[in-house]
Amino acid sequence: MAEKVLMKGNEAIAEAAILAGCRHYFGYPITPQTEIAAYMAKRMPKIGGTFLQAESEVAAINMVYGVAATGKRVMTSSSSPGISLKSEGLSYLAGCDLPAFVVNVERGGPGLGGIQPSQSDYFQATRGGGHGDYHMIVLAPASVQEMASLTIKGFDLADKYRITSMILADGTMGQMMEPVELSEVKTPDYDKSWAVTGTKMQREHNIINSLTLVPDELEKQNFARYEKYKIIEENEPMCEKFMTEDADIIVAAFGIAARVAKNAIVEARKQDIKVGMIRPITLWPFPKKDFFEAAKTAKHFISVELSMGQLIEDVELAIRCTRPVTLCNRVGGMIPSPAEVLDAIKKANEGGDK
Amino acid sequence: MSTTQILIAGFGGQGVLFAGKFLANKGLIEDRQVSWLPSYGPEMRGGTANCNVILSDEPIGSPIIDKPDCLVAMNLPSLRKYEYDVVPGGVIILDSTLIDETVDRDDVTVYYVPATKMARDGGFGSLANMILMGKLIAVYEDMGIKNAEQSLKKVIPPRKAELFDVNLKAVEAGYNFE
């Protein structure tokens, strides 16, 4: 076993990416994720990799687009406003079915917003973000260890499905330090026969392009892509269940919100309230089945989030609105306290708020 | 089984985050669960800085501390901001060189440590932060001075290795302060 070290979440992402074989990082600094770029700037030159601080976020994502077309592992990272700038590139990556890895360490918005933690880019991430019909795989770590393990998973899923995977974290997850254990990563062989690597006059050209002017061809591509998404929705949803077996009330929360909610749930259990939590680890594909199953016995759901009611919509959809779902949220860089979550649990237990 | 939630607060530049790293690494060496969460952003540059450290024998839920068991206050604004957040029965350790006032509560134990003066007199430069950490690990019996040396080795980067001895002496001075 590797030695446990204390690392910031941002640094854990960077080191895990290197372990996963990523040798190309393009970015532009923005709080609260700059440690990823700083780490890459230090490490990449020593291991024959590329660290490049681009002139802008738009440039950085297009550099990612270029390397992704060659089939090499590549990543960028940013925070909310920077991800908006990168959204055009994310759409192009999707249109070309290219594997890429993107990190969003969210801060409060909209606009330039603030620099404190937030989860308000949930819709943007889970619905694609850019224009056109597409999805990214969206992973939501709730510990520094998961910042690392989901980075490795993210690269693998990207290669497996030729899709962009995104880590959706928040300022707290990026800045906090916890013990993390990193060991060697075995990367499976993925088919890269589609990559643009030079034909050496031995094969047909591979063409990477997102422009398709013939409508029925473009329609076919979209249908095919959604067939792939169906497989992902079938195979890849992940969640953690905490004290759900006998729970009358289920809290839905991810990332830092789930950490806070856990404290509240432990406290509520001491007061004999049967409450548990489903913590989505993949936000897309959303663990719909787990919520749907839970709704057969649970009476009330609570969405704890650092946004104005975004996660709650997926919870309502997953349980097909068969149970009341209440919102417990703070925004703008504020984080609900365990006491606030406990209040929401108590209200739900008394059958209040709906 | 115990959990200690520690809030260290002061001006940016007083070594608040470094002090927290020392505690967190010491906890890690002792195989405890630990989390370290800094304030970040513009306040780091000359304004107030603080850092949340949790040491526990159980998995840690939220890394955010709103009711600390222990407040380490390195300046007056930090003391005034957080003194009433400390849980009853908790501990406040303050730098009495920089804080010329007393704590009004009688349900917490307060340690007045003239850390800045001790650092100046002892030749420890600006290491008031580590003197206060020394006091903290003396107050909590489950922490103690053991592994302080190993933890410092982890948190002081190799290029600043010459600072190791003085940091250790500062921790010891705080530990032995009555």
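Anyway, here's the lowdown on the structure attached to this text. Please read all numbers here as calculations on a predicted model, not as lab measurements.

This part takes up the interface of chain B and chain A. Counting residues at the interface gives 20 residues for chain B and 24 residues for chain A. Interface area, chain B with chain A, both sides summed: about 1700 Å², of which 66% is carbon and sulfur. Considering only the surface of chain B that becomes buried against chain A, L28, W36 and Y40 of chain B emerge as the three largest contributors, covering 36% of it. At the junction of chain B and chain A, the tally comes to one salt bridge. One salt bridge in this structure joins E3 of chain A and K154 of chain B, with 2.7 Å as the shortest N-O distance.

Residue and element names in this part refer to chain A. In the structure shown here, the tally under the stated rule is nine aromatic pairs over all chains. When the ring of Y25 is compared with that of F51, the centres are 5.8 Å apart and the planes differ by 5°; the resulting orientation is stacked. Highlighted residues: Y25 in strand β2 (residues 24–27) and F51 in strand β3 (residues 50–53), separated in sequence by 26 residues. For Y25, a relative accessible area of 0% corresponds to the buried category. The partly exposed category is assigned to F51, whose relative accessible area is 26%. In this structure an aromatic cluster arises from ring pairing among Y122, F123 and F254. Positioned above the aromatic ring of F242, the side-chain terminus of K262 is 4.8 Å from the ring centre. The residue whose ring lies beneath R320 is F292, and the NZ or CZ to ring-centre distance is 4.2 Å.

Here the focus is the layout of surface pockets. Of the voids in this model, the largest pocket is the one considered here, and its volume is about 1600 Å³. When contributions to the lining of the largest pocket are tallied by element, the ones reaching two or more residues are β1 (4–8) and α2 (34–43) of chain A together with α1 (16–29), β2 (33–38), α5 (148–155) and α6 (164–176) of chain B. Among the elements that make up the lining of the largest pocket, the one with the highest residue count is α2 of chain A (six residues). Split by residue class, the lining of the largest pocket holds 22 nonpolar, 14 polar and 11 charged. Estimated volume of the second largest pocket: approximately 1300 Å³. Around the second largest pocket, the lining comprises 41 residues; the ones closest to its centre are N263 of chain A together with P59, I60, G61 and S62 of chain B. At eight residues, helix α9 (residues 255–270) of chain A tops the list of elements feeding residues into the lining of the second largest pocket. Of the residues that make up the lining of the second largest pocket, three or more belong to each of domain 1 (4–235) and domain 2 (240–349) of chain A.

In globular proteins that are soluble, nonpolar side chains generally tend to be buried together. By size, the foremost hydrophobic cluster in this structure holds 112 residues, and its most contacted members are M75, L93, V251, F291, F301, I302 and I345 of chain A. Per-domain counts for this core show at least three residues from each of domain 1 (4–235) and domain 2 (240–349) of chain A. The contact partners of L93 of chain A, leaving out residues within four places of it in the chain, are I61, V64, Y65, A68, L98, A100 and T164 of chain A. F124, L127, M130 and L132 of chain B belong to the second-largest nonpolar core, a separate cluster that totals 44 residues.

Residue and element names in this part refer to chain A. Interaxial distance between α9 and helix α12 (residues 338–349) falls to 8 Å at its minimum, and their mutual angle equals 55°. Taken together, the axes of α9 and α12 are oblique relative to one another. Between α9 and α12 the crossing geometry is right-handed. On α12, the residues touching V260, A261, N263, A264, I265, E267 and A268 of α9 are P338, V341, L342 and I345. Residue composition of the contact of α9 with α12, grouped by class: nine nonpolar, one polar and one charged.

Below, the discussion takes up the side chain of Q14 of chain B. All names here are of chain B. Considering the arrangement of structural elements, one finds Q14 in the loop between β1 (3–11) and α1. According to the relative accessible area criterion, Q14 is buried, its value standing at 15%. Only 2.7 Å separates the side chain of Q14 from the backbone nitrogen of F11, close enough to count as a polar contact. Side-chain polar atoms of Q14 contact the backbone oxygen of M74, separated by 3.2 Å. With residues near it in sequence (within four places) discarded, Q14 still touches M74, N75, L98 and N129.

Residues and elements named next belong to chain A. Read from one edge of the open sheet, five strands run β9-β11-β10-β13-β14, paired in mixed fashion. Taken across any chain shown, the strands that pair with only one partner, and hence form the sheet edges, are β9 (239–242) and β14 (325–329). Between one strand axis and the next, the sheet turns by 20° as a mean value, whatever way the strands run. Relative to β14, strand β13 (residues 300–305) runs parallel, the two being bridged by five bridges. Across the sheet, the residue bridging to E305 is N329, located in β14. Of the strands in this sheet, β9, β10 (249–252), β11 (275–280) and β13 are in contact with α9, which crosses β11 at around 165°.

Residues and elements named next belong to chain A. Overall, the coordinates contain 30 salt bridges over all chains when judged by the stated rule. A salt bridge links R279 to E240; the shortest N-O distance between them is 2.7 Å. Of this pair, R279 sits in strand β11 while E240 sits in strand β9; the two residues are 39 residues apart in sequence, bridging distant segments of the chain. A residue is classified by how much of its surface remains accessible, and R279, at 6% relative accessible area, is buried. A salt bridge links K241 to D290; the nearest nitrogen and oxygen atoms lie 2.9 Å apart. Note that K241 is positioned in strand β9 and D290 in helix α10 (residues 288–294), a separation of 49 residues in sequence. Accessibility expressed as a relative area gives 21% for D290, which makes it partly exposed. Because the salt bridges share partners, they merge into one network encompassing R73, D156, D159 and K192.

Cut-offs applied
- Starting from 1, residues in each chain are numbered consecutively following that chain's sequence as written.
- For this description, chains carry letters from A and ligands carry numbers from 1, given in the order in which they are written.
- At least 70 in pLDDT is required for a residue's local features to be given in this predicted model, at least 80 for side-chain atom pairs to be given and counted, and no such filter applies to totals for whole chains, interfaces and linings, which use all residues.
- Each side-chain value is worked out from all heavy atoms of the structure, with water and hydrogens disregarded.
- Throughout, a contact is declared for two residues whenever any of their heavy atoms are within 4.5 Å.
- Once two parts are put together, the accessible area they lose, assessed with a 1.4 Å probe and summed over both, is termed the buried area.
- A carboxyl oxygen of Asp or Glu within 4 Å of a side-chain nitrogen of Lys or Arg is what we treat as a salt bridge.
- When two rings of Phe, Tyr or Trp (its six-membered ring) have centres within 6.5 Å they constitute a pair, described as stacked for plane angles under 30 degrees, edge-to-face for angles over 60, and tilted for the intermediate range.
- In this description a helix means any DSSP run of H or I spanning at least four residues, a strand means any run of E spanning at least two, and both kinds are numbered starting from the N terminus.
- Exposed residues in this analysis have more than 50% of their type's maximum accessible area, buried residues have under 20%, and partly exposed residues fall in between, with area computed by a 1.4 Å probe over protein chains only.
- A ring is scored as having a charge over it whenever the NZ atom of a lysine or the CZ atom of an arginine sits within 6 Å of its centre and within 35 degrees of its normal.
- Definitions used throughout: a 1 Å grid over protein atoms alone; a cavity as a set of points that fits a 1.4 Å probe which cannot get out; a pocket as an open set with protein on both sides within 12 Å along at least five of seven lines; a lining residue as one with an atom within 4 Å of a point.
- Grid points are joined across faces, edges and corners, and a volume is the space filled by probe spheres set on the points.
- Classification used: nonpolar for Ala, Val, Leu, Ile, Met, Phe, Trp, Tyr, Cys and Pro, charged for Asp, Glu, Lys and Arg, polar for all others including Gly.
- Domain extents, as shown, originate in an automatic or database domain assignment.
- By convention a nonpolar core is built from buried Ala, Val, Leu, Ile, Met, Phe, Trp, Tyr and Cys residues, the set being connected through side-chain atoms within 4.5 Å.
- Here an axis means a line fitted to C-alpha atoms, over the contact stretch when the element is a helix, while the angle between two N-to-C directions is reported on a 0 to 180 degree scale.
- Under this scheme an angle from 65 to 115 degrees is roughly perpendicular, one under 35 degrees roughly parallel, and one over 145 degrees roughly antiparallel; angles in between are oblique.
- Left-handed is the label given to a crossing in which the near helix is rotated counterclockwise from the far helix by less than a right angle, and right-handed is the label when the rotation is clockwise.
- Pairing of N or O atoms within 3.5 Å defines a polar contact, subject to two protein rules: one partner must be a possible hydrogen donor and the other a possible acceptor, and residues neighboring in sequence count only if both atoms are side-chain atoms.
- At least two DSSP bridges between two strands are needed for those strands to be called paired.

These values are about where atoms sit, not about what they do.
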